[in-house]
Amino acid sequence: MSATSHEWDGAGAAGAETAGERLQGWSVAAVGVALTALPLVGTTGADAFFTVPEAVPPLLVALGIAVVGGALRRSAFTPADVAIIAGWVAVTALGLGFVVGLAALVLSDDPVSVGLYVTSFVAPIGAGGGVVAGYTDARRRRQYRQTKRTQRALETSTDGITILDEDGEYVTVNRAHAEVYGYDDPEELVGEPWQICYDDAERKRLETEIMPGVEAGEPWRGEATGKRADGTTFPQELTLTPMDDGGHVCIVRDIGDRREQDRKLREQKRRLRSIIENVPIILFSVDDTGEIVLSEGKGLSSMGFEPGEAVGSSIFDIYADVPAVAAATRRALDGEHVHETATLGDRVLEAWFTPVYDDAGEVDRVIGTAMDVTDRHEREQELAELHEASRRLNYATTPEEVAQTTVDIAEEVFDMPVSTLWRYDPADDCLRHVAMTDSSEAILGVDAVDELAPITADELGMEVFREGELRVVEVYRTVANRALDVPFGTVILVPLGGQGLLEVGQREVRTVSEETRRRADILGLNAQAALDRADQQALLRERTRELEVRTSQMDFINSIIRHDVLNGMTVIRSRAAFLQEDLEGRHAEFADTIVRWCDNIVAFVERVQTVLDTLGGDDVVDLERIDAAELVDGELERLRQTYPEVTFEDDLRGPVYVRADELLADVVGNIVTNAVEHNDTEGLRIAVTAAVDGDRTTIRIADNGTGVPPDQREAIFRRGESHAKSTGSGFGLFFVDAMVEAYGGEVWVEGDDGAVFVVELPTAAAPKRDAA
């Protein structure tokens, strides 16, 4: 502990002092012991200049100094203070001894003997005076340090502290005191009476009720209302302590925040109490033995208890027949946070157990909350039963099965004897009955679903279907536009999106809860999804059957082409080849023409077979590296001869490699032919360009014709939409779309002035010889 900033406790700090501090603490005693040597030396030896009686006074003084030094070592003085006293003792002893000895040297005939005698006698006596002077100096220093510490304490205190004189005027004011009253400088208050810090009413109260007792020497502590420099007031905690000189010390603390906190705390307690008394929860606490020490909350009434009634009882005894409660309590007493749901009689409680620890880290008690969740538990069970029942819809594969399953589920879940399902018929704009439960047949008086008349546009069921919002009719028999002329009470109408309507009802009138409405909505959504899925599956089955038929037809056509046409062409070509060798002149030319046309027809048939296999999905197109520029140039050259009135332009410079096959030429030919056949524009121009962008190559075929309307740009690629006059391979744009898809590409139409057919294909790597 620093001796310069704290008061010294000699008894308590000795073990913590340094060696230097220890030497300082014993310095006065050490000087006293040293001074005892002077008279003792003066009385010994052959040259002794003291008699024993003469040595007694200085010896006693020196011993007294040593004793005083020991006392100072154990006093409140710090080691530094003791060292200061020792300095005074040493200086006075040496100074007085030096002066007296010097005088003896000057005035005496025997200066050495006289000087030693006088110095040995006087030095201890002078040292005694040094003790007094040093003690006074050390005490003054100590008081100065205390004063500085007091000033620092005043300045650093967060409480307002001031000293008033006997006239009630401010003498000393710390900064906190000035700030609490709204003053910037403490000096503004010095010399002012304390009354300026209070309004008239509060000043009068203090003067009449408080100050008389303080002036009589009785301290006072309480609350008051202070006034700031700007005239605003604030609540304060005020302490007045009288002093001996007639003044008093005043300590002020602004308690506005504390009062606001107290107010909030009271409000929180009030709200908590209101919650405890009105919300169906239970607050409880048990000690480490399981004894209930707190039992509050409105929820206790459902358990047959009053608040506080169970206090003092063991939770293990009260709930001995509910193992879940006892087990949860023991787990919490073992230090575990527990969340448990337990059934107590006909009630279901959800509880949270929280262990509370003492200072030693041991579980001291368990606090908990519990809530009666019986209604929620029942709703969850009903909802779970609904979801479990709705899973049966997943196993229904046809719309009829889904409809029947839905009405059966509705009868089970809503406990209503009538459950019917109607599906929308867009052709007649009505709802037709498709499913009902057995109990519905008996109540409605029919034997089959087709005996019920459709729900038409002006009837209630159609109205709910069009609105798409669930509706509950509590007294159905009173509805003017009801579809069923049956004396029903409550009926729930559940729209199934675009699929139809589910009706559930009974003869009696009853209130339908929000939970029942939610369950009906859930069932409606599940039934709608199941009907959508069943319709899609039925459509898929139909499309599959159609595809199988078409595949069979294509196989038949392919077989005819492969066997009949190709075999016939083989026979014709072989005969023409024989004639070609034997004939001359024009007849030889005719035979040569027959051979060439046979080769062309065979090549065409082989391409058609490839197309049929591709469209039928029997074979996978064998993709290879194709120079699109070369194929397009060749196809455009052929088309120039066919359509000499059309201007063909192409900007395919150098090879353009894509992954396709030889039929790519027919793809381009069909697109170009489609453009020619569908335009009667004079000066028709068709331009073909290509661009490579990484792994995709785009071929653009643009014309300056009438273009393709945006609403037809997708339809033209479907079978039956291509122009009947299309040439090439004979399959039109449907063939184009199928082949581009087989290549792993895409084709689409764009453009505002004329049509632009865009064919995007996978880019193929260039052969090594072209890579450079």
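Residues numbered from 1 in each chain as written. Predicted model: local features only at pLDDT ≥ 70, side-chain atom pairs only at ≥ 80, totals over all residues. Heavy atoms only, no water.

Pairing in this open sheet of 5 strands is mixed, and the strands run β17-β19-β20-β22-β21 from one edge to the other. Two strands close off the open sheet at either side, each with one partner strand: β17 (647–650) and β21 (746–750). Across the sheet, the mean angle from the axis of one strand to that of its neighbour is 15°, orientation sign disregarded. Two strands pair when backbone bridges link them, and β21 and strand β22 (residues 756–762) are joined in this way by 5 bridges, in the antiparallel orientation. Paired with E746 across the bridge in β22 is E760. Relative to β17, helix α18 (residues 628–642) is tilted by about 170°, and along the sheet it contacts β17, β19 (685–693) and β20 (696–703). (Pairing = 2+ DSSP bridges. Helix = DSSP H or I, 4+ residues; strand = E, 2+ residues; numbered from the N terminus. Axes fitted to C-alpha atoms, helices over the stretch in contact; angles between N-to-C directions. Contact = heavy atoms within 4.5 Å.)

Strand-to-strand pairing in sheets goes through backbone hydrogen bonds, with the strands running parallel or antiparallel. In spatial order, the strands read β12-β11-β15-β14-β13; together these 5 strands make up an open sheet with antiparallel pairing. Only two strands of the sheet have a single partner each, and these edge strands are β12 (430–436) and β13 (471–473). In this sheet, adjacent strand axes meet at a mean angle of 25° when their direction is disregarded. Where helix α13 (residues 399–414) meets the sheet, its contacts fall on β11 (418–425), β12 and β15 (500–505), and the angle it forms with β11 comes to roughly 145°.

It is worth spelling out the pattern of salt bridges at this point. On inspection of all chains with the given rule, the structure shows 24 salt bridges. One salt bridge connects R466 with D429, and the closest N-O pair in it is separated by 2.6 Å. Of this pair, R466 sits in helix α15 (residues 460–467) while D429 sits in the loop between β11 and β12, and the two are 37 residues apart along the sequence. Among the residues examined, D429 registers a relative accessible area of 28% and is labelled partly exposed. Across the pair R640 and E637 runs a salt bridge, and its minimum N-O distance is 3.4 Å. With R640 and E637 both in helix α18 and 3 residues apart, the pair spans about one turn of that helix. A relative accessible area of 40% places E637 in the partly exposed class. The network of salt bridges with common partners includes D159, R221, E237 and R253. (Salt bridge = Lys/Arg side-chain N within 4 Å of Asp/Glu carboxyl O. Buried < 20%, exposed > 50% of the residue type's maximum accessible area, 1.4 Å probe, protein only.)

Let's shift gears to the nonpolar core. If you look at the biggest cluster of nonpolar residues, it comprises 43 residues, and the most contacted ones within it are L664, V667, I686, I701 and F757. Of all the secondary-structure elements, those providing two or more residues to this core are α18, β18 (657–660), α19 (664–677), β19, β20, α20 (732–742), β21 and β22. It is α19 that provides the largest number of residues to this core, a total of 8 residues. If sequence neighbours within four positions are ignored, V667 has contacts with F735, V736, M739, V740 and Y743. (Core = buried A, V, L, I, M, F, W, Y, C linked by side-chain atoms within 4.5 Å.)

As a further point, take the side chain of Q499. Tracing the backbone shows Q499 in the loop between β14 (491–495) and β15. Engagement of the side chain of Q499 in a polar contact is seen with the side chain of D532, the distance being 2.6 Å. Other than its neighbours up to four places away in sequence, Q499 contacts W422, R423, Y424, F465, Q528, L531, D532 and D535. (Polar contact = N/O pair within 3.5 Å; in protein donor to acceptor, adjacent residues only side chain to side chain.)

Going through the model one piece at a time under the given rule, you end up with 6 aromatic pairs. With centroids separated by 5.6 Å and ring planes inclined at 65°, the aromatic side chains of Y181 and F234 adopt a geometry described as edge-to-face. Of this pair, Y181 sits in the loop between α7 (175–180) and α8 (200–215) while F234 sits in strand β4 (residues 233–242); the two residues are 53 residues apart in sequence, bridging distant segments of the chain. Summarising the aromatic geometry, the rings of F284 and F353 are spaced 5.4 Å apart at their centres and angled 65° between planes, so their arrangement reads as edge-to-face. Taken together, the positions of F284 in strand β6 (residues 281–287) and F353 in strand β9 (residues 347–357) put the pair 69 residues apart, joining distant regions of the chain. For F284, a relative accessible area of 12% translates into the label buried. Taken together through their ring pairs, the aromatic side chains of Y181, W194, Y198 and F234 make up a single cluster. One Lys or Arg, R330, reaches over the ring of F316 and ends 4.4 Å from the middle of that ring. (Phe/Tyr/Trp six-rings, centres within 6.5 Å; stacked < 30°, edge-to-face > 60°. Lys NZ or Arg CZ within 6 Å of the ring centre and 35° of its normal.)

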